[in-house]
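What follows is the residue order along each chain.
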Amino acid sequence: MPELPEVETTRRGIARHLTGRRIREVRVHDGRLRWPVDPGMAATVTGQRLLAVQRRAKYLLLRLERGTIILHLGMSGSLRVLPQATRRLAHDHLELVLDSGQMLRLNDPRRFGSCLYTKADPAEHALLRKLAPEPLGPDFDAAYLHAAARRRRVAVKQLLLNGQLVTGVGNIYASEALFRARIRPQRRAGRLSLGDCQRLVRAVRAVLALAIRAGGTTLRDYVGADGNPGQFRQKLYVYERAGRPCRVCRTPIRKLTQAQRSSYYCPSCQS
Ligand SMILES: [Zn+2]
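Not measured: the values here are computed from a predicted model.

Draft legend 1. Looking closely at the coordination of the zinc ion. Distances from the zinc ion to its protein donors, Cys 246 (SG), Cys 249 (SG), Cys 266 (SG) and Cys 269 (SG), fall at 2.2 to 2.4 Å. Considering all four donor atoms around the zinc ion, the spread of angles at the metal, 100 to 113 degrees, places the coordination shape in the tetrahedral class. Counting residues between consecutive donors of the zinc ion along the chain gives the motif C-x2-C-x16-C-x2-C. With Cys 246 in the loop between strand 9 (222-223) and strand 10 (254-258) and Cys 269 in the segment after strand 11 (261-265), this pair connects stretches of sequence that are 23 residues apart. The two residues Cys 246 and Cys 269 agree in class, both being buried.

Laid out in structure tokens, this is it:
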């Protein structure tokens, strides 16, 4: 599943091909996504200029002159910028043809992705309105995390993953951030000190920034968002390394299951 770094990598990859371009044509080959593509969208969007490509959590926002296309890649979606005559493959759902001769194509075999259009401020859209702060944004800081974790009995890893406190920190990145912050994933959230929260916020930001940079190195003019953390996998300290020696202290990495998700930690580096 594409996580925040893959979505941000996708955003950067497509933005330079889209920004400033006018949409010449919208081709909906198969509108059966998580929500059916509005049959009226093509007519509304055609002729509009793309002003910017933004991201909120794992949503990509294509800002147009009179509205916004809200895209989500779901479980298996990917976006590519290709010459407009490129042959269609299975699961190509829709294409935005640009005045540059290129097109943006959405492919999504499992159809959990979505493509919606809104004329209103996208921040007020029902899907985006209640999202927790961005992990790379200014609202996610140690004081905020400390206040949110206080008196919570849930494990800190689950708190990071549940989406109510911070948005877009997936399983890989939560495990890696906890390692960097030297906090065990099963530690009760209410037991985090302000200092722990400072280290954890810094670690979450650092891990995501590294992952985005690693994604960026493999990127040309398209992005395969297949849930593979790309080059970042070589930089992992604990994730899927159970039984292998810790890269810092050589102690074997341990694995445990929390809420049906695998967690990994070093029993010596993390407490
Ligand atoms: Zn260690």
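Structure's up, so let's keep going.
Draft legend 2. A look at the nonpolar core. If you look at the biggest cluster of nonpolar residues, it comprises 38 residues, and the most contacted ones within it are Tyr 173, Ile 183, Leu 192, Leu 200, Val 204 and Phe 232. Mapped by element, the contributors of at least two residues to this core are helix 3 (142-149), helix 4 (156-161), helix 5 (171-181) and helix 6 (194-217). Among the elements that line this core, the one with the most residues is helix 6, at nine residues. Residues in contact with Leu 200, not counting those within four places in the same chain, are Leu 145, Val 156, Leu 160, Ala 177, Leu 178, Ala 181, Ile 183 and Leu 192.

Draft legend 3. Structural context of the packing of aromatic side chains. In total, this model carries two aromatic pairs according to the counting rule given. Measuring from ring centre to ring centre gives 5.2 Å for Phe 179 and Tyr 237, while their planes differ by 15 degrees; the resulting arrangement is stacked. In this pair, Phe 179 is assigned in helix 5 and Tyr 237 in the loop between strand 9 and strand 10, connecting sequence segments 58 residues apart. Aromatic side chains Tyr 239 and Tyr 264 sit 5.4 Å apart centroid to centroid with 70 degrees between the ring planes, which places their arrangement in the edge-to-face category. You can see Tyr 239 sitting in the loop between strand 9 and strand 10 and its partner Tyr 264 sitting in strand 11, a full 25 residues away along the chain. Of the two residues examined, Tyr 239 and Tyr 264, each falls in the buried class.

Draft legend 4. Quick look at the side chain of Asn 171. Among the structural elements, Asn 171 can be located in helix 5. Judged by relative accessible area, Asn 171 falls into the buried class, the value being 5%. Excluding residues within four positions of it along the chain, Asn 171 makes contact with Glu 3, Lys 157, Leu 161, Tyr 239, Arg 261 and Ser 262.

Here is what the cut-offs are and how they apply
- Residues numbered from 1 in each chain as written.
- Predicted model: local features only at pLDDT ≥ 70, side-chain atom pairs only at ≥ 80, totals over all residues.
- Heavy atoms only, no water.
- Donors = N, O, S within 2.8 Å, 3.2 Å for Na, K, Ca; no water.
- Tetrahedral: all angles 85-135°; square planar, octahedral: opposite > 155°, others 65-115°.
- Helix = DSSP H or I, 4+ residues; strand = E, 2+ residues; numbered from the N terminus.
- Buried < 20%, exposed > 50% of the residue type's maximum accessible area, 1.4 Å probe, protein only.
- Core = buried A, V, L, I, M, F, W, Y, C linked by side-chain atoms within 4.5 Å.
- Contact = heavy atoms within 4.5 Å.
- Phe/Tyr/Trp six-rings, centres within 6.5 Å; stacked < 30°, edge-to-face > 60°.

Purely spatial values, then, with no claim about function.
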